[in-house]
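Fold and contact review
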Amino acid sequence: MDWFENGWGLSLIVFLPVIGALVVLAIPKAKESLIKWTALAFSLVTLGLTITLAVQFDYSAADTYQFGTAMDTTWISAINANFHIGVDGISLPMVVLAAFITVLVIIYSFNHWPEPHNPKLLLAFVLILATGMSGTFVALDLVLFFVFFEVVLLPMYFMIGIWGDRGITEVPIVNWKIEMRLYASLKFFVFTLFGSAFMLLGFIALYFKSEEALGYRSFSMIELSDIGAAGAFTGTFAFLVFAGLFLGFAVKVPMWPLHTWLPDAHTAAPTIGSVILAAVLLKLGTYAFIRIAIPILPGQAIAWAPFIGILAVIGIIYGSLACLAQTDMKRLIAYSSVGHMGFVMLGIATMTDIGINAAIIGMVAHGLITGLLFFIAGSMAHRYHTRDMTRLGGNMVLMPKMGVLLGFAAMASLGLPALAGFWGEFMALLASFNPLEAIEATSMFRVLMVLGAIGTVLTAGYMLYMLRNVNFGEPSQEWADHKFEDVDSYEWLAWAPLVIGTIAIGIFPKIVFGATNDAVVGLVQKAFGG
Amino acid sequence: MSSIDYHALLPEIILAITVMVTLVVDITTRKKYLVAVTAMVGMFAAIVPVVTLAFCDGLDFCTAAGADRVLFGGSYVVDGYALVLKGVFIFAAFIVLLLSVGYLASDRYYEGEYYFLLIASALGAVVMASSRDFVTMVVALELVSGPAFLLAGWRKGDPRSNEASLKFFITGVIALALLLFGVSLLYGLTGTQQFDQLAIASVAVADVPLFTLGVIFVILGFGFKVSAVPFHFWTPDTYEGAPTPVTAWLSVGSKAAGFVGLLSVAYLALPAATSIWGPPLWLVAFLSMTVGNIVAIKQTNIIRMMGYSSIAQAGFMLAPFGAAAASNADNLDQAFYATVTYLVIYAVMNLGAFAVAIVIGSRVGSYELKDWAGLNRWSPGLALALAVFFMSLAGVPPLAGWFAKFAMFQATIGVGNWWGYSIAIAAAVNAVIAFVYYSKVIKVAFMDPVPEGIDIEALEAEAVPSPIGFALGLTAFGVILLGVFPGIAANLGEYSAQVVAALGG
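Residues numbered from 1 in each chain as written. Chains lettered and ligands numbered in written order. Predicted model: local features only at pLDDT ≥ 70, side-chain atom pairs only at ≥ 80, totals over all residues.

**Focus on the overall build of chain A**
A count of helical and extended segments in chain A gives 21 helices and 4 strands. In terms of C-alpha radius of gyration, chain A reaches 22 Å, essentially the compact-globule figure of 24 Å for 530 residues. Overall, chain A is about 75 × 55 × 50 Å in size when its C-alpha atoms are taken along their principal axes. Considering chain A as a whole, with its 530 residues, one finds that 62% of them fall into the buried category. Once local pairs closer than 6 in sequence are excluded, the contacts in chain A between residues at least 24 apart make up 79%. (Helix = DSSP H or I, 4+ residues; strand = E, 2+ residues; numbered from the N terminus. Rg over C-alpha atoms; globule rule 2.2 N^0.38 Å. Buried ≥ 20, exposed ≤ 12 C-beta atoms within 10 Å, placed from the backbone. Contact = placed C-beta atoms within 7 Å.)

The structure is reproduced here in structure tokens:
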């Protein structure tokens, strides 16, 4: 399978979904089931290719880029930007996650259509998102990365804006009354665009600066990290570039205080939008920190580490406390993402191999668990027609299977050992006990560790608070006489892989570490000299 | 000067003949669409020599006297830069012709004369691209503007169209006067009005205050043409009042002609005076972006919004000029490259945006944004086209606009000083502001409900007129092609920047 290994396989994984989107758009609107099956077929073939990729991946050389195109596959010759893609141990789990979530989302959507209907457009957007997501994870050229990073914005903007929550919300400060979906979609886009505009300035600055060390200008992440590790970028220049990149990535993660778009976007988005957003899109930011910011600007990464660590812990505490104040179930889950991504960023901020491993497994686990939580919250809202936790209650009586799944997801989310969520939190805290020595803030990180540990307690607090309000107790007058359909077959099909994945990674974290560890150790050694 | 290189002049000759022929066709037939057909054939014919000239580069048998195709003692040069822009102008005129056919048929307009004037304006723009002295340039510029003054008032029954024409005329004449005044100062100081000689002669007089004044006046003159803030006030009124296809020509063809003037004067005639024209253009770029974008947010009429959008886009195109303020000669070609690349992409996407606006506007019978609500319900195809063009204008990958902004950022940051960094940061913030109003169009089309009293079935039943449909297809294809393979636009930009690189080397 030569063609598969020298870039075609990976290119297919990236571009097959967008071809699928075009096919879906070409099918007449009336043939709804054909549209659904076509979309599913394209996503399944992509998943099949991705699994082949994971099987063929050479785990003994996880720190090298595999299945990639040649470094000089010209794309835009005028600026020396190349179509250079490849996977290593760090990006492999992300690519697999993105392909999985796409399939699950399409299966789920078979019998859950948000209003206004229009499955053709919605599925086309899901498939374009799939291309953007996997493209971002495999890009090894900064321009290519930027394009894929931005490609995901538009479909998500449409998804929130068209199929989102039609409730009225009040815009803070100016007090305009506007539909939730319109406010959230615009806010999502403007925040992200703001960050990525400065990120792009940073990329271009690196491009020009690379001439001094390389003799020519380069957007290649590999070349830039080579000269970055050798200390090509220093001083005010490096500081400004890191600031630009930080802005772009931190908005996407999102880190406190740039997170305010997230609760609105998650709450307003239709179920599948929330799932994609939480499970994959948030990871684009953290992945970019690991793939771009740290290797290319290691000196600045060390200088910024305490700052990132502090923001991460504020995010953990703030997210948890905000959760406790919510009555909207989806909003609670959204704020919990702020907290969980805080743990991921804390892991990254330690700049150690343990911390970055923790971050990656945390990303995967958060993708599975929060994806599941949003699925369940969406299905419950579908049945109850409300997400207000003061009105819900007694779900265990009304829909026992749904209740059990919600309980499972909540337990996984609060970091119960033997489930996937545990490893990310535990190892991030472990890593903050001994952060990279060069940061010279070991004692501060130990304080952060204690605060983060308090955060895990708060996480348990709000998850149990949600379970108490939603699952336990007797159903109120409002619901007592209703007959609800418990988890249906499409839901089982979409959720079972998430449940299995959560348990499997919880028990055998090596599923993820087996791929990531060598790559992470290699990255840390190269950037910080061991 | 024994023989004239007719190959180099062929595009102009063909266009000039077409201008005449349209007049003849107009008086000999009652089927006025034949005039448009004649004009389009002329455009097709004119693009052929542009292409052959481009590929002639370096081939012995078709290169005439000397490799550079310098004509008339250096006043008229056909190089990469001229050819790329000639291509842009002919393409733009062709698309505008396609847009005009249905529009003119929809009401009682003079048709034959319209096409005659439009091609005359296009001819002026094509000449402009090769002009390398002030006299040729001013004549060409007036050939672009003169017919456009008349075209802007074509809807003569409508007072707004009259206002559009008059406003455009008066500001155009003032701009010309300022330009000529500046030119006369420069000529008086240096004794030449040819760009290549001026580039040498200007070094000696760079410290004379009068020289600065001359440069400023020339910039003022072109500032009106490219509708940059603070010379923009005619733009929204003229755009709204003029027939919409004419507006498309003004915002692409006429604006690009203004940019050609600025590019030639700044980089070819006055490369030694970057410190004189750089700072004022930095300011103009900054103001155009910021004012254009902020005012556009408030607009409710789509054409006015596109007017302000075109002001803001002019600001983005001017940003590399501003960044060049303190740069040395060897990276001036980067700034030049960025502006030309931007122009090429802008031409395609803005013409597409106008095409889709004309189709929707004529079907709904209104250019008020609120009347377009729920477009997606009755025409998903048009809604998609609208999204493609407006998101491209906003600079969202993978649509062409992203690379235009990318090239602009590349040039401004590449300068490596705070003139460049500051305008790049301002542009980055402005790119975000711009999204607010571009997305408003998308929001209205996709997310708002269809207003009361609109007959969806009647709207659904109407078909897109085939000429406009063709224009839409062509520009949409262009926007996606240039977005996915931006190397094409970049190569055109580089090809044209060779002329500046040669100066620097």
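**Overview of the overall build of chain B**
Counting its regular elements, chain B contains 20 helices and 2 strands. The globule rule puts the C-alpha radius of gyration for 505 residues at 23 Å, and the 22 Å found for chain B is close to it. With respect to the three principal axes, the spread of C-alpha positions in chain B is 70 × 55 × 45 Å. Counting across all 505 residues of chain B, residues that qualify as buried make up 62%. Counting only contacts in chain B whose residues sit at least 6 apart along the sequence, the fraction spanning at least 24 positions is 81%.

**Considerations on unusual backbone geometry**
The omega torsion across A:W256 and A:P257 is 5 degrees, close enough to zero to call that bond cis. Inspection of the secondary structure assignment puts A:P257 in the loop between α9 (235-252) and α10 (261-268). Here B:V229 and B:P230 are connected by a cis peptide whose omega angle stands at 5 degrees. When you line up the elements, B:P230 lands in the loop between α8 (209-225) and α9 (234-241). Unusually for a residue other than glycine, A:E440 sits at a positive phi of about 55 degrees. Mapped onto the elements, A:E440 comes out in the loop between α17 (420-433) and α18 (442-470). The phi torsion at B:S227 lies on the positive side, around 50 degrees, for a residue other than glycine.

**A few points about the interface of chain A and chain B**
Across the boundary between the two partners, chain A contributes 26 residues, which contact 24 residues of chain B. Every element with two or more residues in the side of chain A that touches chain B is listed here: β1 (74-76), α5 (142-151), α6 (153-163) and α7 (180-214) of chain A. Looking at the side of chain A that touches chain B element by element, the count peaks at 13 residues for α7(A). Of the residues that constitute the side of chain A that touches chain B, the class distribution is 23 nonpolar, 2 polar and 1 charged. (Nonpolar A, V, L, I, M, F, W, Y, C, P; charged D, E, K, R; others polar.)

**A look at the confidence of the model for chain B**
Put simply, chain B has an average pLDDT of 88, and 96% of its residues get 70 or more. Two numbers describe this predicted complex: its pTM, 0.91, and its ipTM, 0.88. (pLDDT = per-residue confidence, 0-100.)

**Description of the packing of helix α13 (residues 329-349) of chain A against helix α14 (residues 353-384) of chain A**
Residues and elements named next belong to chain A. Following both chains from N to C, one finds α13 and α14 inclined at 175 degrees, their axes separated by 8 Å at the closest point. Between α13 and α14, the crossing angle belongs to the class labelled roughly antiparallel. Here M329, K330, I333, S337, H340, F343, V344, G347 and I348 of α13 lie close against α14, whose contacting residues are G355, I356, A358, A359, G362, M363, H366, T370, L373, F374 and A377. Classifying every residue of the contact of α13 with α14 by side-chain character gives 12 nonpolar, 7 polar and 1 charged. (Axes fitted to C-alpha atoms, helices over the stretch in contact; angles between N-to-C directions. Parallel < 35°, antiparallel > 145°, perpendicular 65-115°, else oblique.)

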